[in-house]
Amino acid sequence: MSEQHSEHAEHVVPMSTYVGVFLALLVGTALTTWVAYIDLGAFNTVVALVIAFIKMTLVILFFMHVKYNKGLTRIVIVAAFFWLGIMMTFMLADELSRNWTPTVSSWDTLLPFLF
Amino acid sequence: MNDMAAHGAVHDAHPPGFAHQFEDVQQQRDAGRLGMWVFLATEILFFGGMFTSYTIYRSLHLSAFITGSHLLVVKFGAINTAVLICSSLTMALAIRSAQTGKSKNTIIFWLILTMILGATFVGLKLRFEWYRDYIEQIVPGINFVPHASWGADAGQVEMFMCFYFFMTGLHALHMVIGLGILSVLVWMTAKGRFSPEYNAPLEISGLYWHFVDIVWIFLFPLLYLIGGRYPGS
Amino acid sequence: MSTAIAPPHDVPAEPRVNYLNASYGIKSWLLTVDHKRIGILYLISITFMFMIGGFAASLMRIHLLEPQGALVQPETYNRLFSIHGIVMVFFFLVPSIPATLGNFLIPIMIGARDVAFPKLNLMSWYIFITGSCFVLYAILSGGVDTGWTFYAPYSSTFAHTSVIAAALGIFIAGFSSILTGLNFVVTIHKMRAPGMTWFRLPLFIWSMYATSIIFILGTPVIAITLFLLGLERILHVGIFDPAIGGDPLLFQHLFWFYSHPAVYIMILPGMGVVSELIAAFSRKRIFGYAFVAFSSMAIAVISFLVWGHHMFVTGQSVYAGLIFSVLSFLVAIPSAVKVFNWTATLYKGSISYQAPMLYALGFIGLFTMGGLTGLFLASLAEDVHLNGTYFIVAHFHYVMVGGAVMAYLGGIHYWWPKITGRMYPDVWARIAATIVFVGFNLTFFPQFVLGYLGMPRRYAVYPAEFQVLNVMSSAGASILAIGYAIPLIYLIWSLKYGPIAGPNPWGAKGLEWTIPSPPPTENFEVMPIVTEEAYNYHE
């Protein structure tokens, strides 16, 4: 039993992959910093976050070996982010819609005629 | 009983570090890895509460957050990001050394390099960022003094600085805990505990370390680069 | 009255080596990594915390005998209901079934030797004890008066009570929950015996798995919330501070994001116990096994989508309120599915009325009432009227006490022979179960009426016309207390004087009934290979 080799557990990532990911992460950081000094308006944030997401994905897939792991690990990661998404979505939904008081609408003007 | 003898024979085949509630090393490794990922899921929600609060206030008070963000020095944030990325590489290489059967000293070399980089991160933060903020009197709860130019935004600028210190503080706390874990790993490696067959503690500690790096990957743009740094922002 | 289940004839007379006597001495208990012993350590700890929370409730009910208050000052009353809530929620209900019965049974039910991380399991208990010590300190240093809900900015800025100690205690205990949930998830995924597929698992395991998901994904959020609250109290500034633009509703969102799923942490394990009890005492497979299993998972997921129903009247956006209201109706459906399936299991079952079954039947009735009244509260417009009244108090006590606590007692009784190797006197147990049922209803049904009539909750005084109902409620509480005290007596009595139970005194199905009572430390001498479905009672 202990002699069995499990490919996914023992998969040794090649050095070149690690160095490649490392360089990509550094380039991403430099890019994020450089773009901040260029006026893209609202897009500054978008670009910065997109680069951050790409960096995170690289770290998860390669440094954290998720590319070589079974499905359960991925389900755990997806679930955690999905739940974070639930928290953000519903909370923002409240905070951002709090001032949407309905203005006088057709119902209100109709009422005196109905009753 | 009968299977005690059989169990004893199997026992010799198990490497050091094998825990007997498991059937085999593979099961133990899978369980350890799943356990660490589940723990990281809890950390995503833990930091997530602060990220969510940040998102809400940023959308409600964008101009104040921009003002606050411009109080931070991008250079140090960027350098620290690079430092952490290097430390993730060295951590991955430490694990790889164990997997490929390199000597104890090689593994320890990479682990200590990771620790040095992590300590550099914390040191840079303390000396060049937090201490500077203290001198400039923008530390909420300690000596925060609003600048006149902030006008009505002053309260929310202090709010931004609260987020800055709480989020980077919590992150730094996780780094320090990581340094503690790394020193334990160095000790375990020195004792000869790790081999290509058994290196799970290295692997799962690596997962924790990379997670802390990922948190910073998001903190950098979200705290330092709000509203951009171009002229007129 | 009932079909008595005959004890087996081959009860061993000589004491065997089992997990209780395998090693002696306090060190062997305080440094144990045996999940069964850890379950017992938790059992003792939470019983103690239950008594503290119950004592606070007793003082409250005595105080409410009179409209102007019979016992304490209003400030003290505020501390009593806060401590009652904090202790009962975080230090009794949340750990109750998971940490005691879950720890004891999960490895056995899936055919494993122990949980995945036994040392982490022990650490969980020590973390729980540490958290409890902080809360006990908070109580002894004057208590907290913020309610168990700790709403900011009162808790962050204006309260002069031991908020930090209490919050720290809960924060620390939260880590105990997280680690327990983590342990259970990994154990259930990775350590099932050969042949124990997901759909052969006892429904108790499904419930514990769903509960563990909530532990893992919800608890960290209350942790960060209380952490931020503590920081704000220390620094006198923070993200909930209105002076710098802080939104009090932010605290409430973060708080309830955990605390609503937390109520499902409290009820799901109880539902799992009830599935086991109904199956065993009807000698029948649970009707619609897959539906019950999936309902547990559905409850775990949907529970995270409804927290805003605690905030309908706080100034939350009406549009968000509408969404939360609809989703809150949705979450009732899987619970209803379970109630239907339990009832269908009873139909044409061979039913016996031992004490565990009485608790299970009580659960079905009382949980249904509590759950249905939850629907009244999920209706936005109705909640405007009922929020902040005793209707809410009655609702959650029906599900928490009439539901979760009764399931807990039923489970303790059912598995008592397995845990201790002794049988308790069922006559006394049935008497106690009946007293609990009567006392409970007398305590809390009048509170539905009081709430509907408008009596506010968390008030130390009330209008005189509500006195009769309050006295009824307090009378019920004293009966309930007696009902809880009686099992304490006979269960402890049974440890020394109860008849020795064999491996399967109930004649039930399940891996736990195939091993000796009490079990040996390693649970199974030979790893079981599972070939049959769960609840394989031959008709």
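Throughout this document, residue positions are counted from 1 along each chain, in the order its sequence is written. Written order determines the labels here, with chains lettered from A and ligands numbered from 1. The model is predicted, so local features are restricted to residues of pLDDT at least 70 and side-chain atom pairs to those at 80 or more, both for listing and for counting; the totals for chains, interfaces and linings are taken over all residues. Excluding hydrogens and water, the side-chain values take into account all heavy atoms of the structure.

(A) Just the overall build of chain B, in detail. Numbering of helices and strands starts at the N terminus; helices are DSSP runs of H or I of at least 4 residues and strands are runs of E of at least 2. Secondary structure summary: chain B contains seven helices and zero strands in total. Radius of gyration: C-alpha atoms only; globule rule: 2.2 Å multiplied by the number of residues to the exponent 0.38. The C-alpha atoms of chain B give 23 Å as radius of gyration, which overshoots the globular expectation for 233 residues (17 Å, by more than 25%). Dimensions of chain B, computed from C-alpha atoms along their principal axes, come out at roughly 80 × 35 × 30 Å. Burial classes: relative accessible area under 20% of the type maximum marks a residue as buried, over 50% as exposed, and values in between as partly exposed (1.4 Å probe, protein chains only). In chain B, which comprises 233 residues, the share counted as buried stands at 62%. Put simply, 79% of the contacts in chain B that link residues at least 6 apart link residues at least 24 apart. In summary, the charge assignment counts Lys and Arg as positive and Asp and Glu as negative, without counting His or the chain termini. A charge is said to be at NZ when it belongs to Lys, at CZ for Arg, at CG for Asp and at CD for Glu. Here chain B contributes 13 positively and 14 negatively charged side chains, and the mean placements of these two sets differ by 11 Å. Here, residues are in contact when the closest pair of their heavy atoms is within 4.5 Å.

(B) Inspection of the interface of chain C and chain B at higher detail. At the interface, 36 residues of chain C touch 34 residues of chain B. Together, the buried faces of chain C and chain B total about 3000 Å²; carbon and sulfur atoms form 75% of this surface. Definition used for salt bridges: Asp or Glu carboxyl oxygen within 4 Å of a side-chain nitrogen of Lys or Arg. Where chain C meets chain B, there are one salt bridge. Across the pair Arg113 of chain C and Glu23 of chain B runs a salt bridge whose closest N-O atoms are separated by 3.0 Å. Between N or O atoms, a polar contact is any pair within 3.5 Å; within protein, one atom must be a potential hydrogen donor and the other a potential acceptor, and residues adjacent in sequence are included only when both atoms are from side chains. Between the two partners, chain C and chain B, sit seven residue pairs in polar contact (both at pLDDT 80 or more). For the side of chain C that touches chain B, the secondary-structure elements that each account for two or more residues are α7 (163-190), α8 (203-235) and α9 (248-282) of chain C. It is α8 of chain C that contributes the most residues to the side of chain C that touches chain B, ten residues altogether. Polarity classes work like this: nonpolar for Ala, Val, Leu, Ile, Met, Phe, Trp, Tyr, Cys and Pro, charged for Asp, Glu, Lys and Arg, and polar for all others, with Gly in that last group. In terms of residue class, the side of chain C that touches chain B is made up of 27 nonpolar, four polar and five charged. Accessible surface is computed with a 1.4 Å probe, and the buried area is the amount of it that two parts give up when combined, taken over both parts together.

(C) Highlighting the packing of helix α12 (residues 355-378) of chain C against helix α15 (residues 426-453) of chain C. All names here are of chain C. Where α12 contacts α15, the axes come no closer than 9 Å and their chain directions differ by 10°. Relative to α15, α12 is oriented roughly parallel. Relative to α15, α12 is oriented so that their crossing is left-handed. From α12, Ala355, Pro356, Leu358, Tyr359, Gly362, Leu366, Met369 and Thr373 reach across to α15, where they touch Asp426, Ala429, Arg430, Ala432, Ala433, Val436, Phe437, Phe440, Asn441, Phe445 and Phe448. Broken down by class, the residue content of the contact of α12 with α15 amounts to 14 nonpolar, three polar and two charged. The axes used here are C-alpha line fits, helices contributing only the stretch in contact, and every angle between their N-to-C directions lies in the interval 0 to 180 degrees. An angle below 35 degrees is read as roughly parallel, one above 145 as roughly antiparallel, one from 65 to 115 as roughly perpendicular, and any other as oblique. Crossing handedness follows the turn of the near helix against the far one: under a right angle anticlockwise gives a left-handed crossing, and clockwise gives a right-handed one.

(D) Molecular detail of the packing of aromatic side chains. When the centres of two rings from Phe, Tyr and Trp lie within 6.5 Å, Trp using its six-membered ring, the rings pair. Their planes under 30 degrees apart give stacked, over 60 give edge-to-face, and anything left gives tilted. For the coordinates displayed, the defined rule picks out 67 aromatic pairs over all chains. Look at Tyr54 of chain B and Phe65 of chain B: their rings are 5.8 Å apart centre to centre, the planes differ by 55°, and that puts the pair in the tilted class. With Tyr54 of chain B in helix α2 (residues 25-60) and Phe65 of chain B in helix α3 (residues 62-69), the pair connects residues that are eleven residues apart, well separated along the chain. Both residues of the pair, Tyr54 of chain B and Phe65 of chain B, belong to the buried class. Seen in terms of ring centroids, Phe92 of chain C and Tyr408 of chain C are 5.6 Å apart; in terms of plane orientation they differ by 90°. Their pairing is edge-to-face. Placement of the pair is Phe92 of chain C in helix α3 (residues 74-93) and Tyr408 of chain C in helix α14 (residues 390-420), with a sequence separation of 316 residues. Throughout this description, the term charge over a ring refers to an Arg CZ or Lys NZ atom that lies within 6 Å of the ring centre and within 35 degrees of the ring normal. The ring of Phe128 of chain B is capped by Arg127 of chain B, whose NZ or CZ atom sits 5.3 Å from the centre of that ring. Its guanidinium or amino end placed over the ring of Trp29 of chain C, Arg37 of chain C lies 4.3 Å from that ring's centre, counting from NZ or CZ.

(E) Region of interest: the confidence of the model for chain B. Confidence of the predictor at the level of single residues is captured by pLDDT, which takes values from 0 to 100. Residues at a pLDDT of 70 or more form 94% of chain B, whose mean pLDDT is 91. Taken together, the stretch residues 1-11 of chain B has pLDDT below 50 and engages in four contacts with residues farther than four places along the chain or on a different chain.

(F) Region of the structure containing the side chain of Glu512 of chain C. Residue and element names in this part refer to chain C. Inspection of the secondary structure assignment puts Glu512 in the segment after α16 (467-497). Buried within the structure, Glu512 lacks any salt-bridge partner; its nearest side chain of opposite charge belongs to Lys418, at an N-O separation of 7.9 Å. What Glu512 contacts, discounting residues up to four positions off in sequence, is Leu105, Ile108, Met109, Trp415 and Lys418.

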